[in-house]
Amino acid sequence: MCGIAGIIHRDGTGEIGAEVTRMLQSMKHRGPDSSGFALYGPPSDLLVMRLKLADPNEARGFGWSDRLERHRDEVEHRLAKIGAMVDVIHGDQEYAYRVTFRYSGELKPLADYVEDVPGCEVLSLGHSLEIVKDLNDAESVAERYGLNGFTGTHAIGHVRMATESDVDISGAHPYWAYPFSDIAVVHNGQLTNYHMWRRRLERSGHRFQSECDSEIIAVYLAQKMDGGLSLETAMKQSLDELDGVFTYLVVTADSLGVAKDEMAAKPLVLYESPELVALASEEVAIRAVIGHEIDTYDPYEREVLVWHR
Amino acid sequence: MKISYDARGLAEPAAQAPKVATIEAGEHGSRAVFDAAALTTRQINLELRRLIYDEGVAEVTVRNPGAKHSLAVGILARCRIIIEGSLGYFGCGLIDGPEIHITGRVGWSVAENMMSGVVVVDKNAGSLTGAALRGGDVVVRGDVGARSGIDQKGGTVIVGGNAGTMTGFMLQRGRQIIRGNVGGGLGDSMYDGAIYVGGKVTSLGVDCVEAGLTAEDDEFLSRKLGIYGLEPPGSWRKFVCGRKLWNYDNLEPAERKLVL
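Residues numbered from 1 in each chain as written. Chains lettered and ligands numbered in written order. Predicted model: local features only at pLDDT ≥ 70, side-chain atom pairs only at ≥ 80, totals over all residues.

Novice: Help me out: how do you make sense of the interface of chain A and chain B in this one?
Specialist: You'll often see interface size given as the accessible area lost when the parts meet. Contact with chain A, which involves 14 residues of that partner, is made by 19 residues of chain B. Within the side of chain A that touches chain B, the residues separate by chemical class into six nonpolar, one polar and seven charged. (Contact = placed C-beta atoms within 7 Å. Nonpolar A, V, L, I, M, F, W, Y, C, P; charged D, E, K, R; others polar.)

This is the structure in structure tokens:
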């Protein structure tokens, strides 16, 4: 089933970490397997990378912690070797790290080099985007990663009921648009031409870390935008080129968009006010962050909506 | 609110009616009011049942429903329910008899499988409005999502605004009145019944055809809109089943061989 949520503050910043946590927690019944956040903090000159070195549910043999420690050091070593100046490296979990660094080269070689470390997956990379995802419900993930104090401009989130692939961090949303900075997607639905698009995108040099169909959407959109299309145009093309049922949310450094398939098969409720836009699979999620009585509506089939900051 | 589940996954197996409503005598039977903000779905429904079945209350007002799912479901008695606010998914499903007025909006599948009664929604509704409706009226003053009245077998769905894709999908009996525009695939695979549209039609579904309006249709439309105080549009168009897919008596080739 899955639940998706998004919020964008049109002016200024908000407590997006706490807000998305409340939105996702109110939709826990839509997907208790894993929860994920894509949060946009204040933009910075530094790059911020979130990565994982292992999955929390994998078998932990002797020396698991030592191995992770070595791999962490290897990541740091490789970043230095490729020319990045590491600012801070912080572990929220022994398998999940947040690294800030200064780097002016291309992102793809850097991401590939870091992901070459055994078990490593770059979850997000950009100047303001941070993706945090882990097993269990939104409150426990937010607590483990200290997201309650996270302020920023816009965010999306996802609670997952796994249907297409494993219950692990790689299969959890949101997905970063590897190797394009600051783009992420959450998706509710199933794509039926996933394998075709995956092969097509792999041929143009992209890597995929999971067997999850949703993983292609972010890369698909980012590649179109890299080719010069606007986010809105790329999303409109996706209505014809992606097959299956979907409602997806996409975020870039300065915008939040939503697209629905032509059957309007997956729900979405939308609330707009002069201060913010909040949207989610269920109205209870929007009400979790807005105290007063609200009017909402459901976007129609084939609708593409984008809000810019 | 922490919700417990039993071994089968049923929510709040031990829930009891919270008995928080205030009841007062009225001109046409007693009236009750209660605030649902701090109650769980099960508690709200149990309180409604207690008031309607045990206390014999004629009119219940529910405050602050907070877009919770599955509220006011399975009520099988004549009564009035006023919901001050919005409902989530599956609101007012499986009811037989009540007159329900919702001052906010509703999510997907409102009044699904309703046998009789009236559900009036003042604002918008999600998809699948009046799914498998058997009787009674479902009135949405705002817009509705996709597939309104899917598999409808009776009753009337009335929409004040626009409707989405596949409206009246597999409609079997009963009528739909859409004052505004409708999306693509209107009346796809409908078996019978009629859909009246006041605005633009994006496209017709498989085996849905336009028919002429009769004097009976005009009388029906002005009567139904009059009851709910809705203004009629400039003109109406009527859509019915083209009966090209009526192959009920035809056997599949393999079956025919068996018969012979």
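Novice: I'm lost on the nonpolar core in this one. Help?
Specialist: One recurring pattern in soluble globular proteins: nonpolar side chains tend to sit buried together. Counting 154 residues, the largest nonpolar core has Ala184, Ala218 and Leu221 of chain A as the members making the most contacts within it. With seven residues, the single largest contributor to this core is helix 6 (residues 215-226) of chain A. Domain assignment of the residues forming this core places at least three in each of domain 1 (1-105) and domain 2 (124-241) of chain B. Residues in contact with alanine 218 of chain A, not counting those within four places in the same chain, are Tyr175, Trp176, Ala177, Ile183, Ala184 and Val185 of chain A. (Core = buried A, V, L, I, M, F, W, Y, C linked by C-beta atoms within 7 Å. Buried ≥ 20, exposed ≤ 12 C-beta atoms within 10 Å, placed from the backbone. Helix = DSSP H or I, 4+ residues; strand = E, 2+ residues; numbered from the N terminus. Domains from an automatic or database assignment.)

Novice: Please clarify how the packing of helix 5 (residues 194-203) of chain A against helix 6 of chain A should be interpreted in this entry.
Specialist: The description of two packed helices rests on the angle between their axes and on the distance between the axes. All names here are of chain A. Two numbers describe how helix 5 lies on helix 6: the axes approach to 10 Å, and their chain directions differ by 50°. On the basis of the axis angle, helix 5 is oblique to helix 6. Our pair here, helix 5 against helix 6, has a crossing hand that is left-handed. In this structure, helix 5 uses Tyr194, Trp197, Arg198 and Leu201 to contact helix 6, whose residues at the interface are Ile216, Val219, Tyr220 and Gln223. The residue inventory of the contact of helix 5 with helix 6, partitioned by class, reads six nonpolar, one polar and one charged. (Axes fitted to C-alpha atoms, helices over the stretch in contact; angles between N-to-C directions. Parallel < 35°, antiparallel > 145°, perpendicular 65-115°, else oblique. Left-handed = near helix turned anticlockwise from the far one by under 90°.)

Novice: Just checking my understanding: could you explain the packing of helix 6 of chain A against helix 7 (residues 231-241) of chain A for this structure?
Specialist: Residues and elements named next belong to chain A. For the pair helix 6 and helix 7, the least separation of the axes is 9 Å and the interaxial angle reads 130°. Classified by the angle between their axes, helix 6 and helix 7 sit oblique to one another. At the point where helix 6 passes helix 7, the crossing takes the right-handed sense. Only Leu231, Ala234, Met235, Gln237 and Ser238 of helix 7 make contact with helix 6, whose side of the interface consists of Tyr220, Leu221, Lys224 and Met225. Grouping the constituent residues of the contact of helix 6 with helix 7 by class yields six nonpolar, two polar and one charged.

Novice: Looking at this structure, how should I read the environment of tryptophan 176 of chain A?
Specialist: All names here are of chain A. With respect to the secondary-structure elements, tryptophan 176 resides in strand 9 (residues 175-176). You can call tryptophan 176 buried: it has 29 C-beta atoms within 10 Å. Each residue touching tryptophan 176, except ones within four places of it in the same chain, is listed here: Leu123, Ser124, Leu125, Ile131, Ala184 and Ala218.

Novice: Please explain the confidence of the model for chain B as it appears in this structure.
Specialist: Regions with low pLDDT should not have their predicted coordinates read in detail. Here chain B averages 95 in pLDDT, and 99% of its residues register 70 or above. Scoring the predicted complex yields pTM 0.94 and, for the interface, ipTM 0.91. (pLDDT = per-residue confidence, 0-100.)

Novice: Would you mind going over the sheet that holds strand 11 (residues 208-211) of chain B with me for this structure?
Specialist: As a general point, the strands of a sheet are linked pairwise by backbone hydrogen bonds and lie either parallel or antiparallel. Residues and elements named next belong to chain B. Taking strand neighbours across the sheet as the criterion, the 12 strands line up as 1-2-3-4-5-6-7-8-9-10-12-11 in an open arrangement whose pairing is mixed. Both edges of this open sheet fall to strand 1 (22-24) and strand 11, since each of them pairs with a single strand only. Between one strand axis and the next, the sheet turns through 15° on average, direction left out of account. One ladder, built from four bridges, connects strand 7 (residues 137-140) with strand 8 (residues 153-159); its direction is parallel. Each residue of the ladder has a partner; that of aspartate 137, found in strand 8, is threonine 156. The strands that helix 1 (residues 41-54) touches are strand 2 (31-35) and strand 3 (59-63); relative to strand 3, the one it contacts most, it runs at about 160°. (Pairing = 2+ DSSP bridges.)

Novice: Sorry, what's going on with the domain arrangement of chain B here?
Specialist: Annotation of chain B at the domain level lists domain 1 (1-105) and domain 2 (124-241). The centre of domain 1 of chain B, based on its C-alpha atoms, is set 29 Å off from the matching centre of domain 2 of chain B.

Novice: Any chance you could explain the pairing of strand 6 (residues 121-126) of chain A here in plain terms?
Specialist: On any regular strand, side chains alternate: one points to one face of the sheet, the next to the other face. All names here are of chain A. Where burial is concerned, most of strand 6 is hidden: six out of the six residues are buried. Here strand 3 (residues 47-52) pairs with strand 6 via five bridges, running antiparallel. Note on strand 6: the bridge partner recorded for valine 48 is glycine 126.

Novice: What is the right way to look at the environment of arginine 309 of chain A in this model?
Specialist: Residues and elements named next belong to chain A. Here arginine 309 shows up in the segment after strand 15 (304-308). Taking the C-beta count within 10 Å as the criterion, arginine 309 has 15 such neighbours and is therefore assigned partly exposed. Measuring from C-alpha to C-alpha, the distance between arginine 309 and glycine 171 comes to 30 Å, with 138 residues separating the pair along the chain. Arginine 309 has contacts with Ile8, Arg10, Thr153, His154, Asp254 and Ser255, leaving out every residue within four places of it along the chain.

Novice: It is not clear to me how the pairing of strand 11 (residues 244-251) of chain A should be interpreted in this structure. Could you clarify?
Specialist: Residues and elements named next belong to chain A. Taking burial as the measure, the eight residues of strand 11 include six buried ones, the bulk of the element. Two elements, strand 10 (residues 184-191) and strand 11, share eight bridges in a ladder whose sense is antiparallel. In the strand pairing of strand 11, valine 186 is matched with leucine 249. The sheet contact formed by strand 11 and strand 12 (residues 255-260) spans five bridges and is antiparallel. From the neighbouring strand, valine 251 faces strand 12, where its bridge partner is leucine 256.

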